[in-house]
There are 2 protein chains.
Amino acid sequence: MSESSRTVTKARATLSDVAALAGVSVGTASRALSGTGRMRPETRQRVLDAVHTLDFRPSQQAPSPYTGRSWTVGLMTTDGIGRFSTPVLLGAEDALGAGKISVLLCDTRGDVIREQHHLQNLMDRRVDGIIVTGRRTDPRPPLEGVHVGVPVVYALSPSTGPADISVVSDDAQGCQLAIDHLVTAGHTRIAHVTGPAHHAAAADRARYTEQFLADASLQLVTGKPHFGDWSEAWGRRAAEMVLRTAPDTDAFFCGNDQIARGVTDTLRERGISVPNQVAVVGYDNWDTMTLAARPPLTTIDVNLTEIGRIAALRLLDAIDDKPTPGIHRIPCRLVVRDSA
Amino acid sequence: MSESSRTVTKARATLSDVAALAGVSVGTASRALSGTGRMRPETRQRVLDAVHTLDFRPSQQAPSPYTGRSWTVGLMTTDGIGRFSTPVLLGAEDALGAGKISVLLCDTRGDVIREQHHLQNLMDRRVDGIIVTGRRTDPRPPLEGVHVGVPVVYALSPSTGPADISVVSDDAQGCQLAIDHLVTAGHTRIAHVTGPAHHAAAADRARYTEQFLADASLQLVTGKPHFGDWSEAWGRRAAEMVLRTAPDTDAFFCGNDQIARGVTDTLRERGISVPNQVAVVGYDNWDTMTLAARPPLTTIDVNLTEIGRIAALRLLDAIDDKPTPGIHRIPCRLVVRDSA
């Protein structure tokens, strides 16, 4: 029988086993291990010998009665773990793991009952704090219902509670980078194609785009942003529409990379050279889209991993009684490839 | 000051606080809460009143000395959390959460030192078991180094240890579904374009494809599978190459959806109608690719969420001393859209 087979079936030593082997009560074994309580040195040594013999490991998860800390943090995602929350989770896990803090993962899938269930479970397990993240950049109400007696940091989707700690992407600065890049290159007839108007990510980026164009004494070539959905198919349709309305459009700034890819496909299929005749800038820097597009997309990187990392650091500060309430905006980065 | 602000800074009650308020020692408070030890009923009631007043919650994380179970499971990903491991994680989290088992997430990023660090941490926290998952379907060596005294289930990437428990996708059955679908529709001149030959996912699918074609008295139209990378760009290039070698190719079976999408792009741009002139079948059912492709892709769904769910159930069985060693293959599903 192999080692791996044995480890599958081997029962783990419990504190009762240790106590039995040492010939003491469970309470005495517990006090021997925690270093509390009076007992004869020989008794403590018998318990420690039993621990060694049985390979018993006292749990780090039990909160210390002296500090109240469990060195565990809850990571709660509110709408599945997807393309946006994954890098946030990884950034947070990396920052917390470096501090030897473990991460309890839970996914509420946008369901209130699941959220309450997970929240109660995190409280029962006495996590030191919670990071809440989601797919959308729309503000969300603070966690409530179950009494949340620990610090909470909201990543990507900010909390509407003004005293809460939120870490989000700086959409205004991201749009500024894109518009500056296009305007500096001499583009003046710029279209904006983006997602649904009821998503903050679409509405905010459209508003900032119009604002920064106005700062450069420009306006959108079609007079308004084009709201649709976040898909390539919408990018393809929207490009047709924009070119019909404003055939002299010289650049598209798109609300995400999928839309930008759809736009470049339509341009290429109509024999319009990107970037020579028309430039295209995307948003997100999702490499599956940006690298497969023809040509590869110039885009705005929203630094999702950094959002997760900073959220974790803000949480650690709050756990140390140094909370930083408010909305922390993480800067974006322009990634120049071939489309603009 | 708002409620949310207060919860950010409020210190959590510790067992010491409870003991102090009840006027007993920490040891007495502990015994009162665990129901062990002799004490006067009034003393126990004073402790319980203090617990109520301070909203103190005893940890569920401490392993019970009687069962040794912490009701916590480790979920370890070996190469980041990506498109493949995410649905596996979600399936496992769902199955475990329903059983009120919490999930400790750790990501080793393919780094041996990180793996040892996380493994030690999971052991120190006395998890009841571990699920290991990765991006690749290549077999991996069992966890080692740190003494792993709990059951382990390998999901997606099987363990090379024959006594270990692995849950993987049934690649043979997936290829059978694809080839049956094409052959039944009358296709006889089939090409296979896939990823790198040193990836099990590419080598296995190519081998099964040739085998099932042979069962139908057919062989690959170009005489061999075309290995490359998992990208759309490779799909586009490979389609050109196949059509040069075998202009009468009537179907492409591709090793993933990105390759299949690249193939359909080349076919469309050469004026070849999909599926009327040439059929295309992908692999993975990654909706970002299958739905954006023109036409939307017929593909093989590898049921990643189900792999995670079954891995969790196998782990719970093993924790209950009912291990099921060996490789468990989860069937795939043919998803018919417009490309074949």
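Rules used in this analysis
Throughout, a residue's number is its position along its own chain's written sequence, starting from 1. All chains are assigned letters beginning with A, and all ligands numbers beginning with 1, in the order in which they are written. In view of the model being predicted, local features appear only for residues whose pLDDT reaches at least 70, and side-chain atom pairs are presented and counted only at 80 or more, with totals across whole chains, interfaces and linings using the full set of residues. Side-chain figures throughout are based on the complete set of non-hydrogen atoms in the structure, without hydrogens or water. Where helices and strands are cited, they refer to DSSP runs of H or I of at least four residues and of E of at least two residues respectively, numbered from the N terminus. For every residue, the accessible area obtained with a 1.4 Å probe (protein chains only) is divided by the maximum for its type, and the residue is called buried under 20%, exposed over 50%, and partly exposed between those limits. Whether two residues are in contact is decided by their heavy atoms: any pair within 4.5 Å suffices. Accessible surface area values rest on a Shrake-Rupley calculation with a 1.4 Å probe, where residue burial reflects the displayed protein chains alone. As a rule, the C-alpha atoms of each element are fitted with a line to give its axis, helices using only the stretch in contact, and angles between N-to-C directions run from 0 to 180 degrees. Oblique is the label for every angle not falling under 35 degrees (roughly parallel), over 145 degrees (roughly antiparallel), or within 65 to 115 degrees (roughly perpendicular). Left-handed describes a crossing in which the near helix is turned anticlockwise from the far one by less than a right angle; the clockwise case is right-handed. Charged residues are taken to be Asp, Glu, Lys and Arg, nonpolar residues to be Ala, Val, Leu, Ile, Met, Phe, Trp, Tyr, Cys and Pro, and polar residues to be all remaining types, Gly included. A strand pair is defined by DSSP finding two or more bridges across the two strands. Here, a salt bridge means any side-chain nitrogen of Lys or Arg that lies within 4 Å of a carboxyl oxygen of Asp or Glu. One less than the residue count of a helix, multiplied by 1.5 Å, gives the span that helix is expected to have. Polar contacts, as used here, are pairs of N or O atoms within 3.5 Å; protein pairs need one atom able to donate a hydrogen and one able to accept it. Residues neighboring in sequence count only if both atoms are side-chain atoms. Pairing of aromatic side chains requires ring centres within 6.5 Å, counting the rings of Phe and Tyr and the six-membered ring of Trp. Pairs whose planes differ by under 30 degrees are stacked, by over 60 edge-to-face, and all others tilted. Think of a nonpolar core as a cluster: buried Ala, Val, Leu, Ile, Met, Phe, Trp, Tyr and Cys residues, connected wherever their side-chain atoms sit within 4.5 Å. Cysteine sulfur atoms are paired as a disulfide whenever they come within 2.5 Å of each other.

In the annotation of an unreviewed UniProt entry, the entry for chain A reads LacI family transcriptional regulator, and the organism field reads Microbispora corallina.

**Observations concerning the overall build of chain A**
The helix and strand tally for chain A stands at 12 helices and 12 strands. Within chain A, the proportion of its 340 residues that are buried is 57%. Put simply, 70% of the contacts in chain A that link residues at least 6 apart link residues at least 24 apart. Counting every atom, chain A has about 13500 Å² of accessible surface; 54% of that belongs to carbon and sulfur.

**What about the packing of helix α9 (residues 232–245) of chain A against helix α10 (residues 257–269) of chain A?**
Residues and elements named next belong to chain A. Viewed as axis vectors pointing N to C, α9 and α10 meet at an angle of 50°, and their least axial separation amounts to 7 Å. Classed by the angle they form, the pair α9 and α10 counts as oblique. Relative to α10, the crossing made by α9 is right-handed. Residues Glu232, Trp234, Gly235, Arg236, Ala239, Glu240 and Leu243 of α9 touch α10, and the partners they reach there are Gln258, Ile259, Arg261, Gly262, Val263, Asp265, Thr266 and Leu267. In terms of residue class, the contact of α9 with α10 is made up of six nonpolar, four polar and five charged.

**A closer look at the pairing of strand β2 (residues 102–107) of chain A**
For β2(A), the buried fraction is high: six of the six residues fall into the buried class. Burial along β2(A) is two-sided: A:Ser102, A:Leu104 and A:Cys106 and A:Val103, A:Leu105 and A:Asp107, pointing in opposite directions, are all buried. When strand β1 (residues 72–77) of chain A meets β2(A), the two strands line up parallel, connected through six bridges. Within β2(A), the position partnered with A:Leu75 by the bridge is A:Leu105. For β2(A) and strand β2 (residues 102–107) of chain B, the ladder comprises three bridges, and the chain directions are antiparallel.

**A few points about the packing of helix α5 (residues 85–98) of chain B against helix α12 (residues 304–319) of chain B**
All names here are of chain B. Contact geometry of α5 with α12 gives a least axis separation of 6 Å together with a crossing angle of 45°. The pairing of α5 with α12 is recorded here as oblique in orientation. For the crossing formed where α5 meets α12, the hand is right-handed. Here Pro87, Val88, Gly91, Ala92, Ala95 and Leu96 of α5 lie close against α12, whose contacting residues are Leu304, Thr305, Gly308, Arg309, Ala312, Leu313 and Leu316. For the contact of α5 with α12, the class distribution of residues is nine nonpolar, three polar and one charged.

**Digging into the sheet that holds strand β7 (residues 226–227) of chain B**
Two pairing modes exist for strands in a sheet, parallel and antiparallel, and in both the strands are linked by backbone hydrogen bonds. All names here are of chain B. The strand order across the open sheet formed by four strands is β7-β6-β8-β9, and the pairing between neighbours is parallel. The open sheet has two edge strands with one neighbour each: β7 and β9 (279–281). Note that strand β6 (residues 190–194) and β7 share two bridges and pair parallel. From the neighbouring strand, Thr194 faces β7, where its bridge partner is Phe227.

**Let's talk about the sheet that holds strand β8 (residues 251–254) of chain A**
Residues and elements named next belong to chain A. The parallel open sheet is built from four strands, whose spatial order is β7-β6-β8-β9. The open sheet terminates on both sides in strands that have one partner only, identified here as β7 (226–227) and β9 (279–281). Alignment of β8 against β9, held across three bridges, turns out to be parallel. Bridging across to β9, Ala251 finds its partner in Ala279.

**Concerning the pattern of salt bridges**
As enumerated under the stated definition, the model contains 40 salt bridges over all chains in all. Ionic pairing is found between A:Glu232 and B:Arg261, a salt bridge with its closest N-O pair at 2.5 Å. Of this pair, A:Glu232 sits in helix α9 while B:Arg261 sits in helix α10 (residues 257–269), on two different chains. Overall, the relative accessible area of 2% leaves A:Glu232 in the buried class. Of the residues examined, B:Arg261 reaches a relative accessible area of 1% and is grouped as buried. A salt bridge links B:Asp204 to B:Arg207; the nearest nitrogen and oxygen atoms lie 3.2 Å apart.

**Focus: helix α6 (residues 112–124) of chain A**
Between its first and last C-alpha, α6(A) extends 18 Å over 13 residues, near the 18 Å set by a 1.5 Å rise per residue. If you check which residues of α6(A) are buried, you get A:Glu115, A:His118, A:Leu119, A:Asn121, A:Leu122, A:Met123 and A:Asp124. Each element contacted by the buried residues of α6(A) is listed here: β1, β2 and β3 (129–133) of chain A together with α5 and β2 of chain B. Two to three positions downstream of the cap, the backbone nitrogen of A:Ile113 sits 2.8 Å from a side-chain oxygen, assigning the N-cap of α6(A) to A:Asp111. At the exit of α6(A) stands A:Arg126, carrying a positive phi of roughly 55°.

**Describing the packing of aromatic side chains**
Working definition: an aromatic ring pair is given by the centre-to-centre distance plus the angle between the planes. All names here are of chain A. In the structure shown here, the tally under the stated rule is five aromatic pairs over all chains. Summarising the aromatic geometry, the rings of Tyr208 and Phe212 are spaced 6.5 Å apart at their centres and angled 25° between planes, so their arrangement reads as stacked. Taken together, the residues Tyr208 and Phe212, both in helix α8 (residues 200–215) and four residues apart, mark about one turn of the helix. Taking the relative accessible area as the measure of exposure, Phe212 reaches 9% and is therefore buried.

**Thoughts on the nonpolar core**
A:Leu96, A:Ile131, A:Phe253, B:Leu96, B:Ile131 and B:Phe253 are the most contacted members of the largest nonpolar core, which totals 88 residues. Ignoring sequence-local partners within four residues, the contact set of B:Ile131 consists of B:Gly74, B:Leu75, B:Met76, B:Ala92, B:Leu96, B:Val153, B:Ala155, B:Ala311, B:Ala312 and B:Leu315.

**Thoughts on the state of the cysteines**
Residue and element names in this part refer to chain B. Across all of its chains, the model carries zero disulfides over all chains by this definition. For the unlinked cysteine Cys332, the closest cysteine sulfur is that of Cys175, found at 8.0 Å. Given the relative accessible area of 7%, Cys332 is considered buried.

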